[in-house]
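Coordinate analysis (summary)
Chain by chain, the residues run as shown.
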Amino acid sequence: MTDRILRSAAMSMALCFALLPPATARQWNPDTRGAAAEYTQIIHAKPNGEFVFLWWAVPEAFPNDANTQVLKDVLSRYVFVGIAHGRNNGTGLSFDNIPDLRIADAMGRQMSPIPANSAPEVTQTLNALQALQSPMRQGMHWFVFEGSSTHSCTPGKLSVPFAGETYTFDTPIPGCQK
């Protein structure tokens with residue numbers, strides 16, 4: 001019984017730390033990859049344990065090496081957005097199913113969704129992104145959009161309306177070469 005209570009308390013503490021907003025700690029003098037990764041991940045802690053975790057996967061967040069070049073190429077041609085919506089119910093996290101997501105470019109135009117199985121490179125990139133998921137990203141649903149009007153390193157904006165909010169990313173994002 002005591003062991004169960006201690007495990008439950010430890011899990012609750014770990015979940016609380018995992019859901020703290022990034023403002024509680026920030027990178028000191030991040031490199032370009034760190035700046036890009038930090039800017040493109042949004043954690044919105046809402047009342048009553050509800051949260052939204054959003055990640056726009058951009059090429060600038062990944063290292064420049066032969067192993068990631070194909071991934072970075074695909075991320076530069078499409079917009080990959082991962083989103084998790086859930087709540088901490090006191091005994092763990094529960095996540096909502098997110099069947100659909102709409103996003104818009106700087107002009108407010110809806111971006112066209114791309115089916116996950118539309119091309120082998122899209123499927124492989126989704127598999128790679130899902131493999132990166134940590135416990136904090138449990139429940140993440142991935143969506144892919146045609147990316148001709150929005151690029152992470154050109155002037156513009158990406159808007160993601162979801163759960164009563166509109167989350168935005170101004171571009172060029174931090175981490176782009178100047």
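Just above sits the structure.
First, a word on scope: everything that follows refers to the structure included in this document. Keep in mind the model is a prediction, meaning the values are calculated, not measured.

Our next topic: the pairing of strand β3 (residues 78–88). In terms of burial, β3 is a largely internal element, nine of the 11 residues being buried. In this sheet, β3 lies alongside strand β2 (residues 50–57) in antiparallel orientation, the contact comprising eight bridges. Paired with Leu54 across the bridge in β3 is Ile83. Summarising the sheet, β3 and strand β6 (residues 141–146) pair through six bridges and their orientation is antiparallel. Paired with Val79 across the two strands is Phe145, which belongs to β6. When β3 meets strand β4 (residues 93–95), the two strands line up antiparallel, connected through three bridges.

This part covers the nonpolar core. Grouped burial of nonpolar side chains is what soluble globular proteins tend to show. The biggest cluster of nonpolar side chains holds 42 residues, and the ones touching the most others in it are Phe80, Leu101 and Ile103. Filtering out sequence-adjacent residues up to four positions away, Ile103 remains in contact with Val79, Val81, Arg109, Gln110, Met111, Phe145, Leu158, Ser159, Val160 and Pro161.

Next up on the list: the pairing of β2. By the criterion of burial, β2 is predominantly enclosed, with seven of the eight residues buried. Pairing between strand β1 (residues 41–45) and β2: five bridges, direction antiparallel. Following the sheet pairing, His44 is matched in β2 by Val52. In this structure, the hairpin formed by β1 and β2 is closed by a connection of four residues, where Asn48 is found at a positive phi of approximately 60°.

Another point: the pattern of salt bridges. Inspection of every chain in the model, using the stated rule, returns six salt bridges. For Glu50, the salt bridge goes to Lys46, with nearest N and O atoms at 3.9 Å. Assessed through its relative accessible area of 22%, Glu50 is described here as partly exposed. The salt bridge partner of Asp73 is Arg77, with a shortest N-O separation of 3.1 Å. Residue Asp73 and its partner Arg77 are located together in helix α3 (residues 69–77), separated by four residues, close to a single helical turn. Classification of Asp73 by relative accessible area gives partly exposed; the value is 37%. Residue classification places Arg77 among the partly exposed residues on the basis of a relative accessible area of 34%.

The rules we used
Residues numbered from 1 in each chain as written. Predicted model: local features only at pLDDT ≥ 70, side-chain atom pairs only at ≥ 80, totals over all residues. Heavy atoms only, no water. Buried < 20%, exposed > 50% of the residue type's maximum accessible area, 1.4 Å probe, protein only. Helix = DSSP H or I, 4+ residues; strand = E, 2+ residues; numbered from the N terminus. Pairing = 2+ DSSP bridges. Core = buried A, V, L, I, M, F, W, Y, C linked by side-chain atoms within 4.5 Å. Contact = heavy atoms within 4.5 Å. Salt bridge = Lys/Arg side-chain N within 4 Å of Asp/Glu carboxyl O.

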